[in-house]
Amino acid sequence: MMTKTFSEIAGPFVLLLIFLFLSNHNLSPSFAWELSKHDSPDSSSYSSTQCSNQLSSPGGCLNQHLAKDNATLPNVLLIGVQKAGTSALSNWLKEVGGVCMSKVQPGEPSYYEKEAHYFDYFNTTGKKRKYDFDHSKIYARRFAHCCTEQNTALSNVLALDATPYTVLFPKRVRSTFDSVDLTGELAKRVKLIIILREPISRELSAYNHYAFNCREYLQYGRKYVDEHNYTHFRSCSAKVWNSEMKRMKNFSEFIDDITLKNARFIPEPDPLVGSSRNMNSCLYADFLREWFSIFDREQILVLSQEELVRDEGSFLNRVHSFLGLSSSIDNFSLRHTNSKDDGHKVEAILCSDEEKLDQVFDPLNEDLYRLLEAYPGPPMEQRPFQKFVKPNCTVEND
């Protein structure tokens, strides 16, 4: 008869003690294994300690186990809209929430860290991009640095792409995720955030943004070096430049030439074709219907820019809860960005212009309120959605 060793005899008792310890501390064996393996991460690498594992089920960093060739697609998309606070929120998520951002490639402007512009731009060869697996791998490489040797087994890593024009392309987003994971499970785990702003105020802010860039171009020339020494190119966009008159358009001309002409719904083209889509970003209900039909409503958090301005803490609490950020975060204040003002900023619009825009946006806004009431989102979302407050206008001079 063979004699049992001490480890063979003691083994079952050790396992019993471990089980009792985990039970008393509400820990799972898998969590205990992860904790023991990763309790001393390299401080120089990306840190995910401020995030929880509520975003995805166990399966490794950015759900690589689901992705073909272990592609690292971002699991949080701040899809829009432009001029509604996306820069401020993405900065907060990076600096306070510990969220990983896109890796800026050589020759790219610094803002590519916030917004990768994958879904809205042509590829680098100037050809139309097809949203298939080969292109998805290129996009995924921007977030490969988020998964280091120290956190590759962790499921609580958050990676963010905050390109505001993504709102125009829900099919491209779904096609990209499905090209990496044919089962569709990866697409079911991405979190989508959209901030909506009162349309007239957003249009005025967009106009001021384009006009500021145009004045910089006229003053400094085509090449422009930003504060991080990235050279990018400014231009006088046709949106604000009157080529015939060789001058800047005023806001009245801008809404006639751009806002009102683009205030019509155009279905998104096939993502494998890669055609452009020129639509006004304030057609909120039309966009959201597309997103709701392609992604589960619980995956989409709809936020109000007016709440961000009025009650910043409540706004950030919604994001905090939606992404499952650590309860240790107590900094619920944003560092506002994009405050471009060279003394030529238009502060108020003409009442005659507001009346023209009201004819377009009033019915669209009511459509939005009905849609959000009929299709409620995740529990932390504001309900009912706060109705937009129109800006003050000014009467034309005689």
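Residues numbered from 1 in each chain as written. Predicted model: local features only at pLDDT ≥ 70, side-chain atom pairs only at ≥ 80, totals over all residues. Heavy atoms only, no water.

K.L.:
For this particular structure, what's the right way to read the packing of helix 7 (residues 199–220) against helix 8 (residues 251–259)?
P.N.:
When two helices pack together, you describe them by how their axes are tilted relative to each other and by the distance separating the axes. Where helix 7 contacts helix 8, the axes come no closer than 11 Å and their chain directions differ by 105 degrees. Classified by the interaxial angle, the pair formed by helix 7 and helix 8 is roughly perpendicular. Where helix 7 abuts helix 8, its residues Glu 203, Leu 204, Tyr 207 and Tyr 210 lie against Phe 251, Phe 254 and Thr 259. Here the residues of the contact of helix 7 with helix 8 sort into 5 nonpolar, 1 polar and 1 charged. (Axes fitted to C-alpha atoms, helices over the stretch in contact; angles between N-to-C directions. Helix = DSSP H or I, 4+ residues; strand = E, 2+ residues; numbered from the N terminus. Parallel < 35°, antiparallel > 145°, perpendicular 65-115°, else oblique. Contact = heavy atoms within 4.5 Å. Nonpolar A, V, L, I, M, F, W, Y, C, P; charged D, E, K, R; others polar.)

K.L.:
Looking at this model, I keep getting lost on the pairing of strand 4 (residues 191–196). Mind explaining?
P.N.:
Buried residues dominate strand 4, accounting for 6 of its 6 residues. Both faces of strand 4 are covered, namely the face carrying Lys 191, Ile 193 and Ile 195 and the face carrying Leu 192, Ile 194 and Leu 196. Where strand 1 (residues 76–80) and strand 4 come together, 4 bridges link them in parallel fashion. The partner of Leu 78 across the bridge, within strand 4, is Ile 193. Bridge analysis of strand 4 against strand 9 (residues 300–304) gives 5 bridges, and the strand direction is parallel. Looking across to strand 9, one finds that Ile 195 is bridged to Leu 303. (Buried < 20%, exposed > 50% of the residue type's maximum accessible area, 1.4 Å probe, protein only. Pairing = 2+ DSSP bridges.)

K.L.:
I keep staring at empty space enclosed by the protein and nothing clicks. Help me out?
P.N.:
Empty space among the atoms becomes visible once a probe the size of a water molecule is rolled across them. Evaluation of the coordinates by the stated rule reveals 1 cavity of 30 Å³ or more. Looking at the largest cavity, its volume works out to about 30 Å³. In terms of lining, the largest cavity is formed by Asn 63, Leu 73, Pro 74, Asn 75, Phe 177, Leu 186, Arg 189 and Val 190. Of the residues that constitute the lining of the largest cavity, the class distribution is 5 nonpolar, 2 polar and 1 charged. (1 Å grid on protein atoms, 1.4 Å probe; cavity = no way out; pocket = protein on both sides within 12 Å on 5 of 7 lines; lining within 4 Å. Points joined across faces, edges and corners; volume = space filled by probe spheres on them.)

So, to be careful, I would describe these as geometric facts and stop short of saying anything about function.
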